[in-house]
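Spelled out from the first residue to the last, the chains are:
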Amino acid sequence: MEIEQQHPPQVHSTTTNPTTTTATTTIPSTTSAAAAPEPTKSVKPKHLLILLFNILVLLIGGSGSPLIIRVYFLHGGNRKWFTSFLQTAGFPFLLLPLLFSFLRSPRRHFFLISPFLLLCSAFIGLLTGIDNLFYSYGISYLPVSTSSLLISTQLAFTAVFAYFIVKQKFGASSINAVALLTVSAVVLGVHANGDRPEGESNSKYYMGFAMTLAAAVLYGLVLPLVELMYIKSKMKIGYTLVMEIQLVIGLVATAFCTVAPLSVPSGWRSTRIFR
C-alpha cells in the first residue's frame, strides 16, 4: 500500500490501460523462459567407444613407453637416436582409421588437411622430434620413477604457455596442481643421490635431469601450439582431421630422427644397437 501511494501514476496506468497490463504480466514469463537451462546433448555410444579406445591406447603407450626405453638402456643399449626414432615410428598405423573414415563416407579427396594445417603440423612435428631426443637422453641417465615425475611437470609448462599463447583461464585447483608438480621437481633435484643408478656419475645424472626438464618444457609448448593451430585454421576440427594432423606430426618427427643422426658421428653410422 505504501508503494502505491508513492507512485500513483504508474499504478493508475497499469490498471486502466489493458495494453500496458498485458505487457506487464508477460515480462516475468519471458524472463523465466530465458533463464531456463538448455538441455544437455547426450553422447552417442559410438563416439563414447572411440573416446574410451583412445584413452586406453594413450594409457598403455604413456605407461609402457618409459619402461621399455629404460629396459633398453639398462641392458646395454646406447643409441639415443634409435629410441627417439621409435617413439613416433608407429605413425603409419594412423592410416587405418583414416582409411576406415574414407570408406565409411567417401569424398573427393582422401586427405582433408589444408596447406596451412600441413605447414603448422610439420613445424610441430619437428619440435616433437627434438622433444623425443631430449626425452631419450634424459631417461638413459635417470630411473623411470624420477623421469616420469619430471616429465609430468609438462602440465605446469603447458599451463604457462597456454595462458600466454591461447589466453587459457585457470582456477584455484589448477594453480595448486601446477605448484605441487613444480615443488616436487625441485625436491628431486635437491635429493638427487637417493635414486641415482649405481655407477653413474654426477654429471650424467644432472644431464639427464636437465634433458628431461627440457623435454617437459618443449612438450608443454607443443600442446598450446596445437590448440593455436586449430583456432587459426578456422576449419571444423573433426576426428578425421585430427588423425591427419597426428599423421603429419609423426611423419616429420620420425623423419627428423632418421635424417639428423646422419650428420652426427655417433648416430646411425654404427650398426650396433647394443654395446
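Just above, that's the structure.
Let me begin by describing the structure that accompanies this report. (Residues numbered from 1 in each chain as written. Predicted model: local features only at pLDDT ≥ 70, side-chain atom pairs only at ≥ 80, totals over all residues. Heavy atoms only, no water.)

## Digging into the overall build of the protein
So, step 1. When helices and strands are counted, the protein shows 12 helices and zero strands.
So, step 2. Ordering the α and β elements of the protein from the N terminus gives α-α-α-α-α-α-α-α-α-α-α-α.
So, step 3. The buried share of the protein, reckoned over its 275 residues, is 32%.
So, step 4. Here the contacts in the protein between residues at least 6 apart in sequence split such that 80% fall between residues at least 24 apart.
So, step 5. Accessible area for the protein stands at about 17700 Å²; split by element, carbon and sulfur atoms hold 70% of it. (Helix = DSSP H or I, 4+ residues; strand = E, 2+ residues; numbered from the N terminus. Buried < 20%, exposed > 50% of the residue type's maximum accessible area, 1.4 Å probe, protein only. Contact = heavy atoms within 4.5 Å. Areas by Shrake-Rupley, 256 points an atom, 1.4 Å probe, with all protein chains shown as cover.)

## Let's talk about the packing of helix H7 (residues 115–141) against helix H11 (residues 202–233)
So, step 1. Two elements in contact, H7 and H11, have axes whose closest approach is 7 Å; the angle formed by their N-to-C orientations is 165 degrees. In terms of axis orientation, H7 runs roughly antiparallel to H11. Seen from above, H7 lies across H11 with left-handed handedness.
So, step 2. The class makeup of the residues in the contact of H7 with H11 is 24 nonpolar, six polar and three charged. (Axes fitted to C-alpha atoms, helices over the stretch in contact; angles between N-to-C directions. Parallel < 35°, antiparallel > 145°, perpendicular 65-115°, else oblique. Left-handed = near helix turned anticlockwise from the far one by under 90°. Nonpolar A, V, L, I, M, F, W, Y, C, P; charged D, E, K, R; others polar.)

## Re the environment of Leu218
So, step 1. As for its placement among the helices and strands, Leu218 is situated in helix H11.
So, step 2. On the accessibility criterion, Leu218 (14% relative accessible area) is buried.
So, step 3. Placed 84 residues apart in sequence, Leu218 and Phe134 show a C-alpha to C-alpha distance of 9.1 Å.
So, step 4. The contacts of Leu218, once residues within four sequence positions are left out, are Leu127, Ile130, Asp131 and Phe134.

## Some words on the side chain of Ser101
So, step 1. Its location among the elements puts Ser101 in helix H6 (residues 95–104).
So, step 2. Excluding anything up to four places from it in sequence, Ser101 contacts Arg107 and Thr240.

## Structural notes on the nonpolar core
So, step 1. In this structure, Ile113, Leu117, Ile124, Val226, Met229 and Ile245 are the most contacted members of the largest nonpolar core, which totals 14 residues.
So, step 2. Elements represented by at least two residues in this core include exactly H7, H11 and helix H12 (239–259).
So, step 3. Ranked by the residues each element gives to this core, the list is headed by H11, at six residues.
So, step 4. Core analysis: the next-biggest nonpolar cluster, separate from the first, contains nine residues, Ile69, Tyr72, Tyr135 and Ala216 among them. (Core = buried A, V, L, I, M, F, W, Y, C linked by side-chain atoms within 4.5 Å.)

## Structural notes on the environment of Thr182
So, step 1. Positionally, Thr182 belongs in helix H10 (residues 172–190).
So, step 2. According to the relative accessible area criterion, Thr182 is partly exposed, its value standing at 39%.
So, step 3. Residues Thr182 and Gln154 lie 28 residues apart in sequence; the distance between their C-alpha atoms is 9.5 Å.

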